[in-house]
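Residue-level listing of the chains:
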Amino acid sequence: MSTLQEPTLLAMTLPPSAGVLTLAETAHQLVSWWKPLLLFAPFVAWAWLISTLFDKHAARFFLGREKWNAIHMTAGMLALIAGFLMPVPGIGGVLLGFTSVVLILGIDIALFAAITNKDERVPESQHIRLDFSKISEAREVKAASKQQATVQLEIKNASGIAVQAPNKDTPDYAIRANAEHIFIKASQVRASQVDFAPATEATYAASYLIDGVRQAGDAIPTADAITLIDFWKSCAELDIKDRRRKISGMIKVTGGAGETGVKIVTSGSKSGMRLTLVFDPDKAVRRPIEKLGFLDQQLEDVKALGQIEGGVVLLAAPSDHGRTTTAYSMLNLHDAYTQNVQTVETESEDMLEGVRQIVYEAKDDGPDFASTVRSVLRRDPDVVSVMELPDVDTAKEIAKADLSRSRVYVSIKGDGALASAQLWVKAVGDAKLAGEGLKGLIAQRLLRKLCDNCRVPYQPPPEILQKLGLPPDKVKQLHKKGGQVLIRNKPEVCPVCQGLGYVGQIGVFEVYVLDDEMRSLIAGQDWIALRNALRKTQRPSIQQAALRRAVEGVTSIEEVMRVTASAPSKQKSKKKSGAAGEAPVKAG
Ligand SMILES: [Zn+2]
């Protein structure tokens with residue numbers, strides 16, 4: 001800008017015949033009063049930006065506030081020196097000085113944004129954006145969402161066609177806006193799922209599943225809830241009149257955070273209809289095996305299990321504890337292009353490359369789950385993952401198959417490795433047959449991870465450590481959940497975890513590669529001896545693995561206790577949860 005104006009300004013203020021000295025002098029007189037003004041303008045804007053927004057940003061996410069302040073001060077000083085001590089006389093010098101000030105301060109701002117945006121402590125939604133058109137856009141959306149009843153998302157139905165927003169001032173518009181409000185709220189709190197279920201005669205309750213833990217939402221009048229459910233159903237092109245069967249469909253919603261796949265599930269019972277929105281279900285189950293949370297030794301054992309040919313490997317976890325993700329990841333241990341890899345499942349959560357996925361549908365005149373599994377196993381596949389064990393017949397079919405040729409992973413709803421072996425024997429109904437084919441046991445739970453931004457370190461009392469079986473001389477520090485951060489000595493809700501204290505989940509596992517001795521103990525149903533044999537392997541139990549994560553600061557002792565002390569599946573049924581009914585998957 002300045003380089004363009006420079007010659008024009010000079011031409012306007014100076015006669016072409018003026019000598020060099022006069023030029024400088026005249027210019028100096030002309031610019032003397034607005035020179036500081038011009039130089040200070042960008043300075044003031046910059047100072048406001050760093051002292052309010054940037055300083056707060058650095059404080060909230062612990063980005064080294066003092067270090068950044070020093071950098072800003074240095075940039076400020078440099079800008080001042082360049083602006084006022086530019087060794088070029090006249091207007092040219094002033095404009096050059098101005099350009100330098102803008103440039104130096106601009107670099108400072110860009111540097112802060114670029115470096116802090118790369119910092120993993122700062123969540124994507126809190127990144128600094130220097131594109132000012134986006135800022136104003138974001139502000140508009142924010143202001144609009146404050147007034148609530150607005151339509152701001154793009155919803156694509158099951159066929160991929162955008163669902164037209166209804167005219168304002170129509171009742172349909174309000175319904176659409178309410179439906180969008182739920183989606184926006186869910187993404188703000190990082191929910192993986194939202195459920196609507198009848199709470200009382202007159203109301204429905206919303207609940208949000210955040211890192212596997214249900215958080216209560218608002219109550220809605222039943223009439224409104226029904227219109228909401230019908231709206232989402234119609235988006236997914238589901239039959240609105242079908243109010244009893246469990247039906248589901250996929251839609252896509254585009255908002256501030258990009259495109260989200262939303263699985264719409266509805267079902268009905270005597271008490272009323274239920275609705276579940278599951279966000280990006282495929283991404284949730286897509287994780288490389290190294291990222292699931294196995295300890296190093298466990299990962300080696302898991303990979304070793306993948307190398308062993310044939311036999312059954314049990315994968316056990318309570319509901320909502322990552323069983324599907326692990327089952328899918330295990331298949332990656334096998335090359336789907338050189339081997340025949342298949343799954344049998346009732347609901348496909350993700351498309352697996354190269355894997356033949358058989359999605360079982362219950363039909364009155366069709367085969368049952370067990371015969372579907374049998375027909376798959378008869379063709380001698382290399383690897384089959386049976387994603388659930390709905391009945392004892394399925395277990396019997398697997399145990400009877402030629403397990404010297406086929407590796408079969410069997411997902412079981414169970415509480416631990418030992419318990420899963422017991423369930424398996426019970427389901428097969430023939431302990432010898434059940435034990436013979438077993439190659440490995442893997443069991444897991446999901447732990448919530450402490451929020452790095454607000455977790456609170458503390459010194460654990462030695463007697464607590466002793467109780468937990470942790471060495472007091474080695475464990476000097478543990479962490480507990482925070483939920484708040486101090487910003488200029490004032491506590492504020494942590495922006496990363498929204499005050500929950502936890503962000504994300506990690507699996508904790510038990511992995512046992514079974515040997516002949518263990519197999520014969522299973523065949524003899526000598527569970528006490530099996531337990532001892534498993535212990536002798538020196539492999540950590542789920543609780544030990546979880547405590548290791550606590551010592552690392554990844555999670556808290558409270559979370560370890562919550563997840564491992566009692567069986568979560570039992571805990572869950574005690575609580576009145578608003579979850580949409582999950583198909584019962586039980587062995588035996
Ligand atoms: Zn936090």
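Up top is the structure these notes are about.
Residues numbered from 1 in each chain as written. Predicted model: local features only at pLDDT ≥ 70, side-chain atom pairs only at ≥ 80, totals over all residues. Heavy atoms only, no water.

## Re the coordination of the zinc ion
Surrounding the zinc ion are the protein donor atoms Cys 451 (SG), Cys 454 (SG), Cys 494 (SG) and Cys 497 (SG), at 2.2 to 2.3 Å. Taken together, the four donor atoms coordinating the zinc ion and their angles of 102 to 114 degrees define a geometry best described as tetrahedral. According to the relative accessible area criterion, Cys 494 is buried, its value standing at 1%. (Donors = N, O, S within 2.8 Å, 3.2 Å for Na, K, Ca; no water. Tetrahedral: all angles 85-135°; square planar, octahedral: opposite > 155°, others 65-115°. Buried < 20%, exposed > 50% of the residue type's maximum accessible area, 1.4 Å probe, protein only.)

## Some words on the sheet that holds strand 11 (residues 383-386)
Taking strand neighbours across the sheet as the criterion, the seven strands line up as 10-9-11-12-8-13-18 in an open arrangement whose pairing is mixed. Since the sheet does not close on itself, it has two edges, and those belong to strand 10 (356-359) and strand 18 (502-513), each with one partner. Each neighbouring strand pair of the sheet contributes to a mean axis angle of 20 degrees, computed without reference to strand direction. Direction of pairing for strand 8 (residues 311-317) relative to strand 13 (residues 438-450): parallel, over a ladder of five bridges. Within strand 13, the position partnered with Leu 315 by the bridge is Ile 442. (Pairing = 2+ DSSP bridges. Helix = DSSP H or I, 4+ residues; strand = E, 2+ residues; numbered from the N terminus. Axes fitted to C-alpha atoms, helices over the stretch in contact; angles between N-to-C directions.)

## A short note on the packing of helix 14 (residues 417-428) against helix 18 (residues 527-536)
The interhelical angle for the contact between helix 14 and helix 18, taken along N-to-C directions, is 140 degrees, at an axis separation of 11 Å. Taken together, the axes of helix 14 and helix 18 are oblique relative to one another. For helix 14 against helix 18, the interelement crossing comes out right-handed. Along the contact surface, helix 14 presents Leu 418, Ala 421, Gln 422 and Val 425, while helix 18 presents Trp 527, Leu 530, Arg 531 and Leu 534. Partitioned by chemical class, the residues of the contact of helix 14 with helix 18 number six nonpolar, one polar and one charged. (Parallel < 35°, antiparallel > 145°, perpendicular 65-115°, else oblique. Left-handed = near helix turned anticlockwise from the far one by under 90°. Contact = heavy atoms within 4.5 Å. Nonpolar A, V, L, I, M, F, W, Y, C, P; charged D, E, K, R; others polar.)

## A closer look at the pairing of strand 6 (residues 258-269)
Two faces belong to every sheet, and in a regular strand the side chains alternate between them. With nine bridges connecting them, strand 5 (residues 247-255) and strand 6 associate as antiparallel partners. The partner of Met 250 across the bridge, within strand 6, is Lys 263. The hairpin turn running from strand 5 into strand 6, its antiparallel successor, is two residues long. In the sheet, strand 6 pairs with strand 7 (residues 272-279) via eight bridges, with the strands oriented antiparallel.

## A closer look at the packing of aromatic side chains
Across all of its chains, the model carries nine aromatic pairs by this definition. Pairing Phe 54 with Phe 112 gives two aromatic rings, centres 4.3 Å apart and planes at 15 degrees, and the pair type is stacked. With Phe 54 in helix 3 (residues 34-60) and Phe 112 in helix 5 (residues 90-118), this pair connects stretches of sequence that are 58 residues apart. Taking 5.6 Å as the distance between ring centres and 80 degrees as the angle between the ring planes, the aromatic pair formed by Phe 183 and Phe 279 counts as edge-to-face. A residue pair is termed long-range when its members are at least 10 positions apart, and Phe 183 in helix 7 (residues 171-188) and Phe 279 in strand 7 qualify at 96 residues. Using a relative accessible area of 10% as the deciding quantity, one classes Phe 279 as buried. Cluster of aromatic residues (ring-pair linked, three or more members): Phe 40, Phe 43, Trp 46 and Phe 84. Here the basic side chain of Arg 448 rests over the ring of Tyr 502, its NZ or CZ set 4.1 Å away from the ring centre. Positioned above the aromatic ring of Tyr 458, the side-chain terminus of Lys 480 is 5.2 Å from the ring centre. (Phe/Tyr/Trp six-rings, centres within 6.5 Å; stacked < 30°, edge-to-face > 60°. Lys NZ or Arg CZ within 6 Å of the ring centre and 35° of its normal.)

Function cannot be inferred from these measures alone, as they are strictly geometric.
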